[in-house]
Amino acid sequence: MLYSIITEVSRWIIPLAILFVLFAAVIKKVKVFEVFIEGAQEGFTTAIKTIPYLVAMLMAINIFRATGAMELLVHNLSPFFNYFYFPVEVLPHAIMRPLSGGAALGVATNIIATHGPDSYLGRLVSTMQGSTDTTFYVLTLYFGSVGITRYRYAVISGLAADFTTLVASVFIVNKVFGTGG
Amino acid sequence: MVNFIWLVLIVLGVIVAGTSGKIEVVTLAALEGANNAVKTSLNLIAIITFWLGIMKLAEAAGLVQCLARLARPLLRFLFPEIPQNHPAFGAIVMNLCANILGLGNAATPMGMIAMQEMQKLNQGNLKTATSAMCTFLALNTSCITLIPTIIIGIRLMHNSADPTAIVGPTIFATTCGMIVAIAVDRFLYFFYRNR
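All of these numbers come straight from a predicted model, not from anything done at the bench. (Residues numbered from 1 in each chain as written. Chains lettered and ligands numbered in written order. Predicted model: local features only at pLDDT ≥ 70, side-chain atom pairs only at ≥ 80, totals over all residues. Heavy atoms only, no water.)

Draft legend 1. A look at the interface of chain B and chain A. Of the residues lining the interface, 100 residues belong to chain B; the matching set on chain A comes to 92 residues. Carbon and sulfur atoms supply 78% of the area buried between chain B and chain A, which totals about 8,100 Å² over both sides. It is Leu9(B), Leu57(B) and Thr141(B) that lose the most area in chain B upon contact with chain A, and together they represent 8% of the buried surface on that side. For the pair chain B and chain A, the number of links is two salt bridges. We note a salt bridge from Lys56(B) to Glu38(A), for which the minimum N-O separation is 4.0 Å. Taken together, chain B and chain A are joined by 19 residue pairs in polar contact (both at pLDDT 80 or more). Of all elements in the fold, only helix H1 (2-19), helix H2 (24-60), helix H5 (104-120), helix H6 (131-142), helix H7 (149-157) and helix H8 (167-193) of chain B reach the threshold of two or more residues within the side of chain B that touches chain A. (Contact = heavy atoms within 4.5 Å. Buried area = accessible area lost by both parts, 1.4 Å probe. Salt bridge = Lys/Arg side-chain N within 4 Å of Asp/Glu carboxyl O. Polar contact = N/O pair within 3.5 Å; in protein donor to acceptor, adjacent residues only side chain to side chain. Helix = DSSP H or I, 4+ residues; strand = E, 2+ residues; numbered from the N terminus.)

What follows is the structure, encoded as structure tokens:
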């Protein structure tokens, strides 16, 4: 019930917001077409400005992934995570998620296809996929759009959030669904 | 820190490729990554242009300032550097709302507008992130998601008996992440300021 309300809201909100903005602008006697174009002017430069930043980041991540270095890292970290009763099958997802959205989604899809969407691992990886963000991509894109190269502590708080979400996902899925299935 | 991570990613990649006898993968992977990056940026042109136009209208109509006024009491604690009724507040709130509702297409341009507004307030080195930006990105990347659309679609595709069963756990997990992100950000905010 709550879910269907939220889905409806997110279907309607953008069209209604656009309509609302236009009405408000007309009431304020704004020349809508002219002002829209004035604002849109910057779109091209803003998007283009992100190219070198994204190229640098995605290039490095792709090298790390395609050469098998990521797999090696996952392999070497498994015993450590196993020690803490962390399901090792979802470890590749946890490591890839902050780096590459596409790769992480691939791992999630694979686990869901192999173990079933309603299995313990299927539910866990679904929760992990739904609750985390591609931190490095977001940082690179947002900082890139304003030309910032020194991120200060943004990486630390982003990764701290990712790690917490991971632990919380394992905890809550165990709690709600149990480890069976 | 980014310098270090970036270096490690590439160096480890090259070493692993070299020792496993497939060094040519490195160049291919680098070009493929660069290609994806350019495609992503080009795709953004349309979305960003559209939303920047709409946002300019919202600004001219006084809506952004209005939203900033409403949001300020809530966000003042997290963004003490942003002056009262600054349009940055409006863009930050819109970005977070779009994130919560899972509207990625709208969230990115709003986030970029927020970053631009905060960059205007940057009084230090223009290549160094301000505290407000760090806080904003901590909120942004850890933001609560109410409907994880993509993964629900994949669950549906694989005949899940209850594709949306993970919505509750997802909200719980993101809430935990967000609380920690804010706590860590506040801690580092004071830590870096006193240095």
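Draft legend 2. Quick peek at the domain arrangement of chain A. According to the domain assignment, chain A contains domain 1 (1-41) and domain 2 (43-177). Using C-alpha coordinates to define each centre, domain 1 of chain A is positioned 33 Å away from domain 2 of chain A. (Domains from an automatic or database assignment.)

Draft legend 3. Structural detail: the packing of aromatic side chains. Applying the stated criterion across every chain yields a total of 12 aromatic pairs over all chains. When the centroid spacing of 4.9 Å and the interplanar angle of 50 degrees are considered together, the rings of Tyr153(A) and Tyr192(B) count as tilted. Of this pair, Tyr153(A) sits in the loop between helix H9 (135-145) and helix H10 (154-177) while Tyr192(B) is found in helix H8, placing the two residues in two different chains. On the basis of relative accessibility, which here comes to 0%, the residue Tyr153(A) falls in the buried class. Pairwise contacts between aromatic rings join Tyr153(A), Phe187(B), Phe191(B) and Tyr192(B) into one cluster. Arg186(B) extends its terminal NZ or CZ atom over the ring of Phe77(B), reaching a point 5.8 Å from the ring centre. Here Arg186(B) stacks its cationic end above the ring of Tyr189(B), 4.5 Å away from the centre of that ring. (Phe/Tyr/Trp six-rings, centres within 6.5 Å; stacked < 30°, edge-to-face > 60°. Buried < 20%, exposed > 50% of the residue type's maximum accessible area, 1.4 Å probe, protein only. Lys NZ or Arg CZ within 6 Å of the ring centre and 35° of its normal.)

Draft legend 4. Looking closely at the nonpolar core. Phe143(A), Phe79(B), Ile92(B), Met115(B), Met118(B) and Phe136(B) are the most contacted members of the largest nonpolar core, which has 113 residues in total. The dominant element in this core, judged by the number of residues it contributes, is H2(B), at 13 residues. If sequence neighbours within four positions are ignored, Phe143(A) has contacts with Ile148(A), Tyr151(A), Ala154(A), Met115(B), Ala129(B), Met133(B) and Leu137(B). (Core = buried A, V, L, I, M, F, W, Y, C linked by side-chain atoms within 4.5 Å.)

Draft legend 5. Representation of the domain arrangement of chain B. All names here are of chain B. Taken as a whole, chain B is organised into domain 1 (1-61) and domain 2 (63-195). Using C-alpha coordinates to define each centre, domain 1 is positioned 21 Å away from domain 2. Contacts between the two partners involve nine residues from domain 1, matched on the other side by 12 residues from domain 2. Of the roughly 1,000 Å² buried between domain 1 and domain 2, counting both surfaces, carbon and sulfur atoms make up 80%. In terms of surface lost to domain 2, no three residues of domain 1 exceed Trp51, Met55 and Glu59, which account for 51% of the buried area on that side. Our count for the contact surface shared by domain 1 and domain 2 stands at zero salt bridges. Counting the contacts that link domain 1 with domain 2 gives four residue pairs in polar contact (both at pLDDT 80 or more).

Draft legend 6. Layout of a nonpolar patch on the surface. Residues and elements named next belong to chain A. On the surface, a cluster of nonpolar side chains totalling about 450 Å² of accessible area is made up of Trp12, Leu16, Leu19 and Phe23. The residue Trp12 is located in helix H1 (residues 2-27) in this model. On the accessibility criterion, Trp12 (49% relative accessible area) is partly exposed. (Patch = residues over 30% accessible without salt bridge, like charges linked within 9 Å, V, L, I, M, F, W, Y side chains within 5 Å. Areas by Shrake-Rupley, 256 points an atom, 1.4 Å probe, with all protein chains shown as cover.)

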